[in-house]
Amino acid sequence: MKIKFLLVLALASLVFFLNACSKDDNETAANLETPIANAPKDVNDNGFKAKWNYVSNSKSYLLDVSTTENFASFVPNYNAKPVTDLNEVVVGLTGGTKYYYRVRAKSDTEISDYSNVISVVTTGTNGIPEDPTFLKVKVNKLANPFFVGMAIKASQLTSGSPYDVILKNEFSSISAEYEMKMDQISTASGVYNWTVADKIVAYGNTNGINVHGHALVWHNAVPQWLKDFSGTDAAFAAEVKKYITDVVTHYAGKVKSWDVVNESVDDNGGAMRNTIFLQRMGPNYVKDCFQWARNAAIAAGDTNLLLFYNDYATSTNIPKQDKVFSIVDDLKASKLIDGLGFQMHNTYLSPTKAQIETDLNKAVAKGLKIHVSELDIQVNQFNDISTFTNERRLAQKEKYKEIVQLYNALPAANKYALTIWGMKDNESWIPYSTELNHTGNDWPLLYDSNFAIKSAHTGFLEGLN
């Protein structure tokens, strides 16, 4: 009798276990996550390797490849093609042609939503010629044009130099990469070295190029005399006020916009960055700086001066994004801010289009002008390539195109400028950055080391279509 009872109990347990497993499997299958498609690998004349991320509980994937972005038609054999791996070598394609791919996860009868769409251009035997159209020429033909900017150094502004020729042909705005920051201008309390900054501003004014001032207050550009300042905190604040007032006054009518405060928000937790300005001037220092800049402009008769706050990584770091917009809300309520600078030192993989669009649209909703202020796109952030490969070239081109498309789609009232952070790959700040911990070479800009336009330049132009 005892044996019979144990047997019945064991059978009941087995049935319960099987039912539970079946239920769990069905619930899991019904909730398959949407896969994320990645940039292609091994792009060549006739094909490429499509890649995507693993989806938990999926048993296979369905790959689509098309020559149209809306997938109105499919490449033969690539309409929901079953794949059991996390990549598939797509073959039989035509050289020099743009293709699109997307993927879904599958588990038994359950199928996920479509992934993001990835575009790729096969190389073609001779490659595809780059579009030589000047950037500002195409932008100025738009219904709602904006400034196309470049970060520059004073040493590049020699008349007739390749830098000079490219700047005049291609760009309608300039920002000083470093030479208009506080530690470059202020040598002592009330003592200024205007020489280099004046050269940059005069170059822009003489050639009909907009000048964006970058930046009045930044924790990494504090002159030594101010770091060592032994007076009271009130006296320290008075020195910062004097500096802002004198610089804005000196360039009244010549510099059309300023980044008043740069990078005041910490990368962790959405708090204020613990800088000398926060320590000595308190949590309202950003607002104080904007008020002093506004007052100086009005006193100098420069009522059209635009004041920006500038920061980075707000598209992916949501606590930081929230903190930046809380600062902006306070400044906006006091009518002290005109625009927001999104640095966008991005990579060819990140942020996603949706992340960037969400970030920009928050600024649009607040009625701010938007400056994509320091754009470059890294292709070697993991130091996994030693040369600028074809696949990274094409991925970078598409990322530039994506960002320009997003910016160009903004309402006219919210557009200000889209500024590339440097001219040539070999002169970019990225390979030397201790902040990025970037240990290898990179190719993040629109021109190579010989001043030749890259596919990234063509991508920028294509984003304007």
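Keep in mind the model is a prediction, meaning the values are calculated, not measured. (Residues numbered from 1 in each chain as written. Predicted model: local features only at pLDDT ≥ 70, side-chain atom pairs only at ≥ 80, totals over all residues. Heavy atoms only, no water.)

**Re the overall build of the protein**
Helix and strand content of the protein: 13 helices and 19 strands. Projected onto its principal axes, the C-alpha coordinates of the protein cover approximately 100 × 65 × 40 Å. Among the 465 residues that make up the protein, the fraction classed as buried is 51%. Put simply, of all contacts in the protein between residues at least 6 apart along the chain, 74% involve residues at least 24 apart. When the accessible surface of the protein is totalled, it reaches about 20700 Å², and 53% of it is carbon and sulfur. Once the 44 positive and 50 negative side-chain charges of the protein are each reduced to a mean point, those two points are 3 Å apart. (Helix = DSSP H or I, 4+ residues; strand = E, 2+ residues; numbered from the N terminus. Buried < 20%, exposed > 50% of the residue type's maximum accessible area, 1.4 Å probe, protein only. Contact = heavy atoms within 4.5 Å. Areas by Shrake-Rupley, 256 points an atom, 1.4 Å probe, with all protein chains shown as cover. Lys, Arg positive; Asp, Glu negative; His and termini not counted. Charge placed at Lys NZ, Arg CZ, Asp CG, Glu CD.)

**Observations concerning the packing of helix α9 (residues 285-299) against helix α10 (residues 318-333)**
To describe two helices that pack against each other, one gives the angle between their axes and the distance between the axes. In the contact formed by α9 and α10, the axes pass within 10 Å of each other and the chain directions differ by 40°. Looking at the two axes, α9 sits oblique to α10. The two elements α9 and α10 cross, and the hand of that crossing is right-handed. Taken together, the residues of α10 that come into contact with α9 (itself represented by Val286, Lys287 and Phe290) are Ile327, Asp330 and Leu331. (Axes fitted to C-alpha atoms, helices over the stretch in contact; angles between N-to-C directions. Parallel < 35°, antiparallel > 145°, perpendicular 65-115°, else oblique. Left-handed = near helix turned anticlockwise from the far one by under 90°.)

**Some points on helix α5 (residues 195-206)**
Its twelve residues give α5 an end-to-end C-alpha distance of 16 Å, which sits within 8% of 16 Å, the value for a rise of 1.5 Å per residue. Along α5, the positions that sit buried rather than exposed are Ala197, Ile200, Val201, Tyr203 and Gly204. Buried positions in α5, seen along its axis, are confined to an arc of 155° and lie on one side of it. Across α5 from its buried face, at more than 90 degrees, point the exposed residues Thr195 and Thr206. Next to the buried residues of α5 lie β9 (147-152), α3 (162-170), β10 (173-176), α4 (182-185) and β13 (210-218). Note on α5: the residue one or two positions beyond its end, Gly208, has a positive phi of about 65°. (Expected span 1.5 Å × (residues − 1). Arc of directions from axis to C-beta.)

**Re the confidence of the model for the protein**
Averaged over every residue, the pLDDT of the protein is 91; the share at 70 or more is 92%. Under a pLDDT of 50 for its full length, residues 1-29 has, in the predicted model, three contacts with residues more than four places off or in other chains. (pLDDT = per-residue confidence, 0-100.)

**Looking at the sheet that holds strand β1 (residues 37-41)**
Two strands in a sheet stick together by hydrogen bonds in their backbones, pointing the same way (parallel) or opposite ways (antiparallel). Strand order in the open sheet made by the three strands is β1-β2-β5, with antiparallel pairing throughout. Looking at which strands have only one partner, the edges of the open sheet turn out to be β1 and β5 (87-90). Each strand of the sheet is rotated relative to its neighbour by a mean of 20°, with strand direction disregarded. Examined bridge by bridge, strand β2 (residues 48-52) and β5 share four bridges and lie antiparallel to one another. Opposite Phe48, over in β5, you have Val90 as the bridge partner. (Pairing = 2+ DSSP bridges.)

**Section: the environment of Cys289**
For Cys289, the position within the fold is in helix α9. Cys289 has contacts with Val217, Val240, Ile244, Val260, Val261 and Met281, leaving out every residue within four places of it along the chain.

**Observations concerning helix α13 (residues 455-462)**
Burial within α13 is extensive, with seven of its eight residues counted as buried. Every buried residue belonging to α13 is among Ser455, Ala456, His457, Thr458, Gly459, Phe460 and Leu461, and all of these are buried. Among the structural elements, α2 (135-139), β9, α3, α12 (390-408) and β19 (415-420) are those in contact with the buried residues of α13.

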